[in-house]
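Notes for the structure review
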Amino acid sequence: MSLAEHPAPDTNAASSSANLESLRRFPWKKSHRTAIERAIDRNRSDRLAELVACRPFDGQGKAGTRLRIQLLTGVNDLLRSQPDSDPSFAAAIESVLITLSGTSSNPSGDVPGEAADKVLDRLNDAETVSSGERLAGIVLLLCGADEKRSLFNADQLVGLFEQAAQTRQEVAGAGGLPESDHVPHLESLLVRGELPLLLSLATPQLSGSRQLFRDAVAGYASELDAVTDGDGTPHASLLAELPFWLDSFTRAAMICEVLGERFLKKKDAERFDEFLERVASLTTADGRLAIEVETDGIWARVLQNALELRHGKKLPPWARQTMLALNARVRGKAKSSSDDLSAATQSDWGQLVSMRSNWYAGADVLAAAYDQPNIQLGLTTLGMRALGGRWETELVLDGEVCRLSADWQSLCWYSEPEGDFLELRLQTEHATIDRQLYLSRNDHIALLTDSITTNVDAAVEVRWKLPLLGNWKPARLQPGRALRLFREKRELRVIPLAIPSDAVERADGSLSTDGSTITATLTGQQNLCLPLLLDWSPVRQKKPCDWNRLTVTQEREILNSRVAFAARCRVGSSQWLYLRNLEFGGFPRAVIGLHTDAETVIAEFPSTGVAERLVEVHYEDED
């Protein structure tokens, strides 16, 4: 059962002192019980408000004010992302935020006291209250007063405290929550981490508050372990909630820092640092995630706060470049560029890859989350987002669509100074899809391919839909079948290596776009290979382009297209080769002077004319 499924209490704490008796049921500390009961006996809500008031951030100066604003801003963003959240919660948070920050404009028109009454009505009367709404009530209690003033009256403070105490009892019973992989990651983090952390600060008059604080910190460490690989890479399933998940972590870390408490143990802190580096690799120059998610509008704020809190002035090179890309103020001097490590990262467990050419704002990034059959893809070219969304794939065997329901498995991860390469596999009853992604570190090209091998001698067709981001205007290269896309004086070429470049030749496939989606298709018999080469180099922008299929031989015999695929592409003076063996014969094969027994080869031809291998992948059973 999630916390949202717990019913709200049936008392009405907003109605003066009539329900003060309900406070007796809570486990008060011995040092507070006598005074609390005396105030209840005398129906003194004003005295109760004094006794339950808690201001843990008083005396912290600017740090305390910044923390309050951070709490209010984060919870406000969380509430506004949840369509089922009652608007009164966001309005109340915003009214307090505006009052604390000194901003004059208040869109809701409510003053904090009026907004608090609406929140209490909702908490008292609603059948279910979400974790985010519970969190909002606690944050109002923590941030609605300081040593100089209170934004709420006595009845409102007592009502907010009672709701917090009720939530605390529910959180204590939330140990029955299923493991994290059966609960949304954010919900699990709120219930096991942030709610108990804030409750321990908001209700210190109740017994066990110190242990509740320790449990909350342990909950954060447990959740970090549950959703990240050993190197800090988050699981792909976290991406949709990543901005709010990290924001919760940052709020907790800031609370512990302001209060002088230890947040994470050394091992967990190191893992969190690695996590920040991994998610920074997924961040583009416009302050969003390379892989499109609905909640990444707040990502720039969240990541900047996390990096500033964790590293301060001592920014490692990757964090410094990320902050500059976010247009954030960077203090301190830069370290030598030789200290800058590779920005590419991949995790088999996390089913997530980020191929990033460097840490600078104008980097090329090819990122993919492959935890679902339709991979979530993102391509950023020279800092500009080009592709983003679901890579829709349809496989048709002998006229029937194959259901793609299995998980992608990582076969090969190859990261070198020249580029990064990932090969994935998805297995169906009669077919195997081997998907390859390659991004050059320096040459501004990417390669996307699917190799289909089947156990039936039947017609095979594969269909792709790649989502474009931004206002790309298509113009087909003349003559030829490549696509030419333009945006803000940038050009992106999409080259279908499996079909002839000359439009007058018969083609077994097609490539087209409607400005929002790139559609590619290819047909064959039993086995086939569909590769798309993407080129966005400014140097080659106006250069002529051509490509052709190549003959692959084995022991001087020409191989059928079902057995091996090879193609050459030339743009201006640059030239590349792609070889993919669909069936292995046990003997080396040759293509335009290149002899190899590898399964896959990606090579380029420099001025010497001799192929230089960028990627060479051998079969699994070879040494």
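Structure first, text after, so check above.
Values in this document were obtained by computation on a predicted structure and should not be read as measured data. (Residues numbered from 1 in each chain as written. Predicted model: local features only at pLDDT ≥ 70, side-chain atom pairs only at ≥ 80, totals over all residues. Heavy atoms only, no water.)

1. Things to note about the sheet that holds strand 16 (residues 509-513)
- Strand order in the open sheet made by the five strands is 7-6-12-17-16, with antiparallel pairing throughout. Because the sheet does not close on itself, it has two edges, and the strands there are strand 7 (400-402) and strand 16. The mean angle between the axes of side-by-side strands here comes to 20 degrees, regardless of whether they run parallel or antiparallel.
- Where strand 6 (residues 392-397) lies against strand 12 (residues 459-467), six bridges are found, and the strand directions are antiparallel. Looking across to strand 12, one finds that Glu-392 is bridged to Lys-465. (Pairing = 2+ DSSP bridges. Helix = DSSP H or I, 4+ residues; strand = E, 2+ residues; numbered from the N terminus. Axes fitted to C-alpha atoms, helices over the stretch in contact; angles between N-to-C directions.)

2. Regarding the packing of aromatic side chains
- Scanning all chains against the criterion turns up twelve aromatic pairs.
- With 5.2 Å between their ring centres and 15 degrees between their planes, Phe-249 and Phe-272 make a pair best called stacked. Here Phe-249 is found in helix 10 (residues 242-259), whereas its partner Phe-272 is found in helix 11 (residues 266-281), with 23 residues between them in sequence. Accessibility classification places Phe-249 together with Phe-272 in one group, the buried group. (Phe/Tyr/Trp six-rings, centres within 6.5 Å; stacked < 30°, edge-to-face > 60°. Buried < 20%, exposed > 50% of the residue type's maximum accessible area, 1.4 Å probe, protein only.)

3. Observations concerning the pairing of strand 3 (residues 365-369)
- By the criterion of burial, strand 3 is predominantly enclosed, with five of the five residues buried.
- Residues Val-365, Ala-367 and Ala-369 point to one face of strand 3 and Leu-366 and Ala-368 to the other, with burial holding for every one of them.
- Bridging between strand 2 (residues 352-356) and strand 3 involves five bridges; their strand directions are antiparallel. Looking at strand 3, one finds that Met-355 is bridged to Leu-366.
- In the sheet, strand 3 pairs with strand 4 (residues 376-381) via five bridges, with the strands oriented antiparallel. Looking across to strand 4, one finds that Ala-368 is bridged to Leu-377.
- Counting the residues between successive antiparallel strands, the hairpin from strand 3 to strand 4 contains six residues.

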